[in-house]
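Observations on the model geometry
Residue strings, one per chain:
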Amino acid sequence: MASSKVRLMSALLGLSALAAPALADPTVSVASVSPVTLGSGVDVQLLVSGVSDLYAYQLSFSFDPTLLQVGSVTEGAFLGTGGTTTWFEGATDNTAGTVSFIINSLNGLIPGVNGGGVLATIHFDSVAIGTSNISFSDTTLLDSALNTIAAQSVAGSITVSAVPEPSSYLLMGLGVAGLLAWRRRQQAA
């Protein structure tokens, strides 16, 4: 009887393990960005979500240098919620369209941070019309024991559009309104 209870309990535990949802790997991604007007700048956030015990990270990314130029790379606030950090903004190459080895780490023997937030903010200046992909490479997340945290990287994009021009009808309407105002002024004089 005891052995049948043990087998039943083992079977139920096995089934419950199969039914439990698997935890998804953390995600490193590019925050969604509205279209950018040619000649203007835009700040793009690199995000992490669903991470546990993040102590340090390193990442690189590429972009289309014919459309965008990196102006600056600044540290995001997420890792700093766990304590003092050491930050390296990486090496920017606006000719090749890469920022290599952005690195950030907590200092000391402390636990990593959990959840999600901004890892870094990239300021781009738009220089031509089109859509540039922002693709990650060399992405590594480490926990407080300096073990690799499995993560997935999700690319993003930035669209640069032309300076919007006023509608022809709007211009014509403004011209007619100006002529009517001028005519009234002439009649009143």
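Calculation criteria
Residues numbered from 1 in each chain as written. Predicted model: local features only at pLDDT ≥ 70, side-chain atom pairs only at ≥ 80, totals over all residues. Heavy atoms only, no water. Helix = DSSP H or I, 4+ residues; strand = E, 2+ residues; numbered from the N terminus. Buried < 20%, exposed > 50% of the residue type's maximum accessible area, 1.4 Å probe, protein only. Contact = heavy atoms within 4.5 Å. Areas by Shrake-Rupley, 256 points an atom, 1.4 Å probe, with all protein chains shown as cover. Pairing = 2+ DSSP bridges. Axes fitted to C-alpha atoms, helices over the stretch in contact; angles between N-to-C directions. Core = buried A, V, L, I, M, F, W, Y, C linked by side-chain atoms within 4.5 Å. Patch = residues over 30% accessible without salt bridge, like charges linked within 9 Å, V, L, I, M, F, W, Y side chains within 5 Å. Salt bridge = Lys/Arg side-chain N within 4 Å of Asp/Glu carboxyl O.

1. Some thoughts on the overall build of the chain
Looking only at helices and strands, one finds two helices and 13 strands in the chain. The burial tally for the chain puts 28% of its 189 residues in the buried class. Across the chain, the fraction of contacts at a sequence separation of at least 24, relative to all contacts at a separation of at least 6, is 78%. Approximately 11,200 Å² of the chain is accessible, and the part contributed by carbon and sulfur atoms is 60%.

2. Some thoughts on unusual backbone geometry
Positive phi outside glycine occurs at Phe101, with the angle close to 60°. Checked against the element boundaries, Phe101 lands in strand 8 (residues 98-106). The backbone of Leu146 shows a phi angle near 65°, a positive value even though the residue is not glycine. Within the element layout of this structure, Leu146 appears in the loop between strand 10 (130-142) and strand 11 (148-149).

3. Topic: the sheet that holds strand 12 (residues 152-154)
Spatially, 5-9-3-1-12 is the arrangement adopted by the five strands of the open sheet, whose pairing is mixed. Where the open sheet ends on each side, the last strands, each with one partner, are strand 5 (68-75) and strand 12. On average, each strand axis in the sheet is inclined to that of its neighbour by 20°, with strand direction left out of account. Both strand 5 and strand 9 (residues 113-126) contribute to a ladder of seven bridges, which runs antiparallel. Across the sheet, residue Thr74 finds its bridge partner in strand 9, namely Thr121.

4. What about the nonpolar core?
Counting residues in hydrophobic clusters, the biggest one holds 35 residues, and the most contacted among them are Leu46, Leu54, Leu59, Phe61, Ile102, Ile122 and Phe124. Of the residues forming this core, the biggest block, six residues, is contributed by strand 3 (residues 41-54).

5. Quick word on a nonpolar patch on the surface
A cluster of nonpolar residues, Leu38, Ile129 and Val163, forms a patch on the protein surface that exposes about 250 Å² of accessible area. Turning to its location among the elements, Val163 is positioned in the loop between strand 13 (156-161) and helix 2 (168-188).

6. Structural notes on the environment of Ala150
Mapping Ala150 onto the fold places it in the loop between strand 11 and strand 12. Here Ala150 falls in the partly exposed class, since its relative accessible area comes to 46%. Ala150 sits 126 residues away from Ala24 along the chain, and the two C-alpha atoms are 9.5 Å apart. Filtering out sequence-adjacent residues up to four positions away, Ala150 remains in contact with Asp25 and Pro26.

7. Considerations on the pairing of strand 10
The side chains of a regular strand alternate, residue by residue, between the two faces of the sheet. Bridge analysis of strand 4 (residues 56-62) against strand 10 gives six bridges, and the strand direction is antiparallel. Considered in strand 10, the bridge of Phe61 is made with Phe136. In the sheet, strand 10 pairs with strand 13 via five bridges, with the strands oriented antiparallel. Residue pairing for strand 13: Gly130 is matched across the bridge by Val160. Here two bridges tie strand 10 to strand 11, and the two strands are oriented antiparallel to one another. Following the sheet pairing, Leu141 is matched in strand 11 by Ile149.

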